[in-house]
Amino acid sequence: AAGVIQSPRHLIKEKRETATLKCYPIPRHDTVYWYQQGPGQDPQFLISFYEKMQSDKGSIPDRFSAQQFSDYHSELNMSSLELGDSALYFCASSSFGFDKENTEAFFGQGTRLTVV
Amino acid sequence: SQQGEEDPQALSIQEGENATMNCSYKTSINNLQWYRQNSGRGLVHLILIRSNEREKHSGRLRVTLDTSKKSSSLLITASRAADTASYFCATDGPHGGNAGNMLTFGGGTRLMVKP
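Residues numbered from 1 in each chain as written. Chains lettered and ligands numbered in written order. Predicted model: local features only at pLDDT ≥ 70, side-chain atom pairs only at ≥ 80, totals over all residues. Heavy atoms only, no water.

S.K.: I would appreciate a short explanation of the overall build of chain A in the present structure.
M.R.: The helix and strand inventory of chain A stands at 0 helices and 11 strands. Put simply, chain A runs from its N terminus to its C terminus through helices and strands in the order β-β-β-β-β-β-β-β-β-β-β. The buried share of chain A, reckoned over its 116 residues, is 47%. Look at the contacts in chain A between residues 6 or more apart in sequence, and 55% of them connect residues 24 or more apart. (Helix = DSSP H or I, 4+ residues; strand = E, 2+ residues; numbered from the N terminus. Buried < 20%, exposed > 50% of the residue type's maximum accessible area, 1.4 Å probe, protein only. Contact = heavy atoms within 4.5 Å.)

This is the structure in structure tokens:
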């Protein structure tokens, strides 16, 4: 079965550069979530989209932005990167809009961003 | 305040023993989910229990939910070395029924199963 695809898997950027992370949800899933997980920390919710509209916003810095496109894939854009942005970035998808009672979120393998 | 706090933070057991991990949360929820994560890898969905359910089983996993105490437990029976991982609970909703519920993760329990 198709899973959530994230690209790239690894990314190395220098301070003050920009980075774009991509997420391709499971087919027919209408909700995408982005999470940031620092070393030894629990995943922190950044932002989510439902039907291409932003639906929830968590601890996402103003330097980051995200959107969901017409094909439901999502991109997380990160600018003015800081050393502290180094983390695993996970994308997850669910069919929340289809079945509000059964919102299992399925995660991608993550993008490991290293800022040097 | 943090939702979905886990207890214990670390657990070390022998293969074949049962492992119990607990999770507490603060606000009302639609459902609670348990995830497993191997070091530096993706989160794997294990089981979802809805707010109107009290217990759920899946293979060697047993999850309970006590909404009056705002707590859940994950029991892994007959543990195996391959169960070694971090286990997170995540709560979802209700956010007034709006679309796009977010999952709020707890701190995770690091389980080590020694062969």
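Moving on from the coordinates now.
S.K.: For this particular structure, what's the right way to read the pairing of strand E7 (residues 61-66) of chain B?
M.R.: Two faces make up the sheet, and in a regular strand the side chains alternate between them. Residue and element names in this part refer to chain B. Strand direction decides the pairing type here: strand E6 (residues 55-58) and E7, joined by 4 bridges, are antiparallel. Looking at the pairing, Glu 55 lines up with Thr 64 of E7. The turn joining E6 and E7, which pair antiparallel and follow one another in sequence, is formed by 2 residues; a positive phi near 60° is taken by Gly 59. Between E7 and strand E8 (residues 71-76), which pair antiparallel in sequence order, lie 4 residues; one of them, Lys 70, sits at a positive phi of approximately 50°. (Pairing = 2+ DSSP bridges.)

S.K.: Can you walk me through the environment of Leu11(A) in this structure?
M.R.: Residue and element names in this part refer to chain A. With respect to the helices and strands, the residue Leu 11 is situated in strand E2 (residues 10-13). Considered as a pair, Leu 11 and Leu 113 are 102 residues apart in the sequence and their alpha carbons are 4.8 Å apart. In this structure, Leu 11 is in contact with Ala 19, Leu 21, Thr 111, Arg 112, Leu 113 and Thr 114, ignoring residues within four places of it in sequence.

So, to be careful, I would describe these as geometric facts and stop short of saying anything about function.
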